[in-house]
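Architecture and fold: a report
Spelled out, the chains give:
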Amino acid sequence: MVNKRGRNYILRLLLVFLGMNAVWYAAYLLVHHPILPSPLGVYQAMGQLGGRDIVLNVGYSLMRIFAGVLLALVVGLMIGLLMGRSALWNKLLDPVVYLTYPVPKIALLPVAMLFFGLGETSKIFMIMLILLFQIIISVRDGVKAIPASTYDVLTSIGAGAGQKFWHVTLPGALSVILSTIRISLGTAISVLFFTEIYGTEHGMGFFIMDAWLRLDYPQMYAGILLFSLVGFVLFLLVDLLDYRFMKWRK
């Protein structure tokens, strides 16, 4: 059962969606050129897409995103926790992180393809790279921000290292991890689009560029909308995880 807050949220999304389509239709009338089809034409093209094509292309894109995010979480969580809990490791790794973080990750795409080829590895690696440093910094800062007195309370009642990690460190880190993923997900999806242009026959990036090369503009826009829908669903998934595990912040 959707509560009042959920209904209001859905209503706002619907109003924004209708507003965007109204602006799109007005632009279509002004431009009056095949390069900008009408919203109705694009939705019709989306309805004509085969279910197998949608599942195949969306499935490949989601697989790459989830694999890259999972790797970034595992590596970033370990390094961030290490830096947050150990002053020595923070001093050793902090210069490395800050010197490599400003490097524009998209510029490393040719390097990744040289080392890992045009297959799945380079695509997943680039997504991981986009998220990794932001997760490391966020987790480190989140862990360092936990008051020492919080651990002292658990120590006084005989809690072990595992219990301290589970009840204090992990919740403190999880909060900033979810926020970081929410912020970085759009960038990761953009990088995925660029990586799917090369060396693949599946994925939403390939689908969009293939339609563009064939001058099938309604199908190209349908692919863009579908890709955007994937990103929107991923954002909602992060929000659900935040609601499920971060209820103490509400």
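Look up: the structure comes first, before these words.
Residues numbered from 1 in each chain as written. Predicted model: local features only at pLDDT ≥ 70, side-chain atom pairs only at ≥ 80, totals over all residues. Heavy atoms only, no water.

Remarks on the packing of aromatic side chains
- In the structure shown here, the tally under the stated rule is seven aromatic pairs.
- Their ring planes at 45 degrees and their centres at 4.9 Å tell us that F116 and F125 sit as a pair that is tilted.
- On the accessibility criterion, F116 (39% relative accessible area) is partly exposed.
- Classification of F125 as partly exposed rests on a relative accessible area of 26%.
- Every member of this aromatic cluster is reached through a ring pair, and the members are F17, W24, Y43 and Y221. (Phe/Tyr/Trp six-rings, centres within 6.5 Å; stacked < 30°, edge-to-face > 60°. Buried < 20%, exposed > 50% of the residue type's maximum accessible area, 1.4 Å probe, protein only.)

As for the packing of helix α5 (residues 109-116) against helix α6 (residues 120-144)
- Here α5 crosses α6 at 140 degrees, and the two axes come no closer than 8 Å. Judged by the inter-axis angle, α5 sits oblique to α6. Crossing geometry of α5 relative to α6 is assigned as right-handed. Across the interface between the two elements, L109, A112, M113 and F116 from α5 touch T121, S122, F125 and M126 from α6.
- Considered class by class, the residues forming the contact of α5 with α6 number six nonpolar, two polar and no charged. (Axes fitted to C-alpha atoms, helices over the stretch in contact; angles between N-to-C directions. Helix = DSSP H or I, 4+ residues; strand = E, 2+ residues; numbered from the N terminus. Parallel < 35°, antiparallel > 145°, perpendicular 65-115°, else oblique. Left-handed = near helix turned anticlockwise from the far one by under 90°. Contact = heavy atoms within 4.5 Å. Nonpolar A, V, L, I, M, F, W, Y, C, P; charged D, E, K, R; others polar.)

Section: the side chain of R140
- Positionally, R140 belongs in helix α6.
- R140 gets classed as buried once you look at its relative accessible area, which sits at 6%.
- Residue contacts for R140: discarding those within four places in its chain leaves G80, M83, G84, N90, D94 and Y98.

Quick word on the pattern of salt bridges
- Within the structure shown, the criterion is met by six salt bridges.
- We note a salt bridge from R64 to E120, for which the minimum N-O separation is 2.7 Å. Taken together, the positions of R64 in helix α3 (residues 51-85) and E120 in helix α6 put the pair 56 residues apart, joining distant regions of the chain.
- Between R214 and D216 there is a salt bridge, and its shortest N-O distance comes to 3.6 Å.
- A residue is classified by how much of its surface remains accessible, and R214, at 43% relative accessible area, is partly exposed.
- The network of salt bridges with shared partners includes R64, E120 and E196. (Salt bridge = Lys/Arg side-chain N within 4 Å of Asp/Glu carboxyl O.)

Side note on helix α4 (residues 87-100)
- Taking 1.5 Å as the rise per residue, α4 with 14 residues should run 20 Å; its terminal C-alpha atoms sit 20 Å apart, in good agreement.
- At L93, α4 shows its strongest bend, of approximately 35 degrees, with the proline P95 following within four residues. (Expected span 1.5 Å × (residues − 1). Bend = angle between axes of the 7 residues up to and from the residue.)

So, the nonpolar core
- Ranked by size, the top nonpolar core spans 42 residues in total, and within it I65, V139 and L185 carry the most contacts.
- Among the secondary structure elements, those contributing two or more residues to this core are α2 (39-48), α3, α5, α6, α8 (161-195), α9 (204-213) and α10 (217-245).
- If one sorts the elements of this core by residue count, α8 sits on top with nine residues.
- Not counting the four nearest positions on each side in its chain, V139 is found in contact with L77, G80, L81, A173, V176 and I177.
- In terms of nonpolar packing, the next biggest core, distinct from the first, is built from seven residues, M83, F133, I136 and I137 among them. (Core = buried A, V, L, I, M, F, W, Y, C linked by side-chain atoms within 4.5 Å.)

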